[in-house]
Structure formats: structure tokens, C-alpha cells
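Notes for the structure review
Take a look at the letters that make up each chain.
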Amino acid sequence: MIELTDQPFDPGARLSDFCAGRTETGAVASFTGLARAEAGGTTRLELEAYPGFTERQIGEIARAAQARFDLQDLLIVHRVGEIAPGEAIVFVACAAPHRRAAFEACDYLMDYLKSRAPFWKKEHGPEGARWIEPRAQDHADIARWS
Amino acid sequence: MARVLLFGPLRDLAGWRERVLEPAPRSLAELRERLAHEDAALGEALAAPGVQVALNQAIVRGEAALSPGCEVAFLPPMSGG
């Protein structure tokens, strides 16, 4: 399941809900990405999506993960709009019969979300605002999976 | 009519996020010309390498015919999540 939300969410509560009622799942791995303050350099993040298009592109990433790893289920929650330092930006959880697939699928999903998901990110700080371009490291991370 | 959407830095440059062109341009080229005629800097930015175009939420490359009611989005390089 894929969810974009403009409201703060509780990653712990999402993880508990995701784990509930699973009697055939041996492993749930999750990842939570938090907004950094960059030592006071960033007072808030602004994340813009293209409604409809962004969900569909993330859906393609999720389908690729399901085809590649032995998963039973996955959940992606992504913030959009205004985000304060310390708030969760992204939460990913993967359920699998065994741990390896769950770990690897989380890692894979995050690498693709960080480099391929259609978001535009603006950092606001005391020295003004700037749009962020993908980092070379994000592209290098994705090359690990080819 | 055709809806035009701008994202990221293109939105800041143009000073708008969404607008409606009436009547709808017949092609992507005509749409680009109409926008560039009003705002030359925007026209140039829309043609920059790395700016992708989505027609009705699907990426198109190169030229495309437009129909009334269509949605055209200009997508600058994405920063990822």
C-alpha cells in the first residue's frame, strides 16, 4: 500500500498496525527517514508531489520490489507539503516469510524512492530557500541493484 | 482548454503552479510557443535539458498532439523522496 500524506504521522504506530494479525510472516523490516535540521541550516522542508502521477510511479517501484524479493506485503508512507526537522518524511515496511528478503526489500525501496520518486524538495533556512537536486550518491546507491 | 502544471523551481520562476489555456493548443510546440511569448525566461526554462513533459500523467518525449481537456505537466529534475 502506498500513502502520501500532508500530516505528521507516527512511524511506531504504523509499524504496529502493519505487524498486527500476521501469523505466517516470519520477518518485518522497516525504515523511517527523518527530516534533518542540518545544524540550524534547515528550518523546514517543502516536498512537492504530482498527485496521481507520483503515487503511480512509486507503485512501479513497489511492484519491482515485489517481483524481485519474496515479499508478502509492503507499506510506503511518504510525507508531502511542509515538514519540520525531526518529523518522519518516509516510512517503509516489508513483510516476508524470512528476514533476508525483508531487509533487502527495504534497502531497495529506499534507494529507488530517494532517486526515482517524483518529488521536488525545497529546503527553507535562515539564509533563504533552495531546491534540492538528486545527489551523486543517490545514483550510485541505485546502481547497486543493477 | 488545456491545463498546464509546473513543478519545483519552474513554479517559482513562472510565479504560478497551474493555469488553463483557452483554446487548447493543438501541439506541445504550440503550447511552448504560447507560454514563451508571454514569458521568455519560462519558455527557455521549459526547453532546458532534464525537463520532462507528462501528457495526461504519462511521460512523452519530443513532439505530441494535444486534445481539448488535456493536462500537460512540466517536470524539472526530481529530487527524490
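In the block above lies the structure referred to throughout.
Residues numbered from 1 in each chain as written. Chains lettered and ligands numbered in written order. Predicted model: local features only at pLDDT ≥ 70, side-chain atom pairs only at ≥ 80, totals over all residues.

Concerning the overall build of chain A
For clarity, the cut-off: A run of H or I in DSSP becomes a helix once it reaches four residues, and a run of E becomes a strand once it reaches two; helices and strands are each numbered from the N terminus. It is over C-alpha atoms that the radius of gyration is taken, and the globule rule equals 2.2 Å times the number of residues to the power 0.38. The burial criterion counts other C-beta atoms lying within 10 Å of a residue's C-beta, which is placed from the backbone; the residue is buried at 20 or more, exposed at 12 or fewer, and partly exposed between these limits. In this description, a residue-residue contact is defined by the distance between C-beta atoms placed from the backbone, which must lie within 7 Å.
Across its full length, chain A holds four helices and eight strands. Computed over its C-alpha atoms, the radius of gyration of chain A comes to 16 Å, within 12% of the 15 Å expected for a compact globule of 146 residues. When its C-alpha atoms are laid out on the principal axes, chain A stretches across 50 × 35 × 30 Å. Of all 146 residues assigned to chain A, the portion counted as buried reaches 32%. Considering only intrachain contacts with a sequence separation of at least 6, the fraction spanning at least 24 residues in chain A is 77%.

Quick notes on the overall build of chain B
From N to C terminus, chain B includes three helices and five strands. Listing each helix as α and each strand as β along chain B from the N terminus yields β-α-β-α-α-β-β-β. For chain B, whose C-alpha radius of gyration is 12 Å, the value lies close to the compact-globule estimate of 12 Å for 81 residues. In terms of overall dimensions, chain B has C-alpha extents of about 35 × 25 × 20 Å along its principal axes. The proportion of buried residues among the 81 residues of chain B is 26%. Considering only residue pairs separated by 6 or more positions, chain B has 51% of its internal contacts joining residues 24 or more positions apart.

A few points about the pairing of strand β3 (residues 52-55) of chain B
Two faces belong to every sheet, and in a regular strand the side chains alternate between them. Residues and elements named next belong to chain B. Applied cut-off: Strand pairing is defined by DSSP finding a minimum of two bridges between the two strands.
Pairing of β3 with strand β5 (residues 71-75) involves four bridges; the strand directions are antiparallel. Bridged to L55 within β5 is V72. The pairing of β3 with strand β4 (residues 58-60) spans three bridges and is classified as antiparallel. Residue pairing across strands places A54 opposite I59, the latter belonging to β4. What sits between the antiparallel neighbours β3 and β4 is a turn of two residues, in which N56 has the positive phi angle 50°.

Digging into the sheet that holds strand β1 (residues 2-5) of chain A
Residue and element names in this part refer to chain A. Heads up, the condition is: Helix axes are fitted only over the stretch in contact, all axes being lines through C-alpha atoms; the angle between N-to-C directions runs from 0 to 180 degrees.
Taken together, four strands build an open sheet; the order of strands is β1-β4-β6-β2 and the sheet is mixed. Either end of the sheet is taken by a strand with one partner, and the two such strands are β1 and β2 (27-34). The sheet shows a mean angle of 10° between the axes of neighbouring strands, direction not considered. Two elements, β1 and strand β4 (residues 73-79), share four bridges in a ladder whose sense is parallel. Along β4, the bridge assignment pairs T5 with R79.

Considerations on the sheet that holds strand β7 (residues 119-125) of chain A
Residues and elements named next belong to chain A. One open sheet holds the four strands; their spatial order is β5-β3-β7-β8, and the pairing between them is antiparallel. Only two strands of the sheet have a single partner each, and these edge strands are β5 (81-83) and β8 (128-132). Pairs of neighbouring strands in the sheet enclose a mean axial angle of 25°, with direction left out of account.

Some words on the interface of chain B and chain A
Stated precisely, the cut-off is as follows: Gly falls in the polar group here, along with every residue not listed as nonpolar (Ala, Val, Leu, Ile, Met, Phe, Trp, Tyr, Cys, Pro) or charged (Asp, Glu, Lys, Arg).
In this assembly, twelve residues from chain B lie in contact with 21 residues from chain A. Its residues assigned to classes, the side of chain B that touches chain A comprises seven nonpolar, five polar and no charged.

Quick notes on the packing of helix α2 (residues 53-68) of chain A against helix α3 (residues 99-116) of chain A
Residues and elements named next belong to chain A. How we decide: In what follows, roughly perpendicular refers to angles from 65 to 115 degrees, roughly parallel to angles under 35, roughly antiparallel to angles over 145, and oblique to any angle outside these ranges. Two helices crossing with the near one rotated counterclockwise from the far one by less than a right angle form a left-handed crossing, whereas a clockwise rotation gives a right-handed crossing.
Remark: α2 packs on α3, axes separated minimally by 10 Å, with the N-to-C direction vectors making an angle of 155°. Relative to α3, α2 is oriented roughly antiparallel. Crossing of α2 over α3 shows right-handed handedness. The residues of α3 that touch α2, namely those facing I58, I61, A65 and R68, are A105, Y108, L109, Y112, L113 and R116. Residue classes in the contact of α2 with α3 are distributed as eight nonpolar, no polar and two charged.

The values are spatial; any link to function lies outside them.
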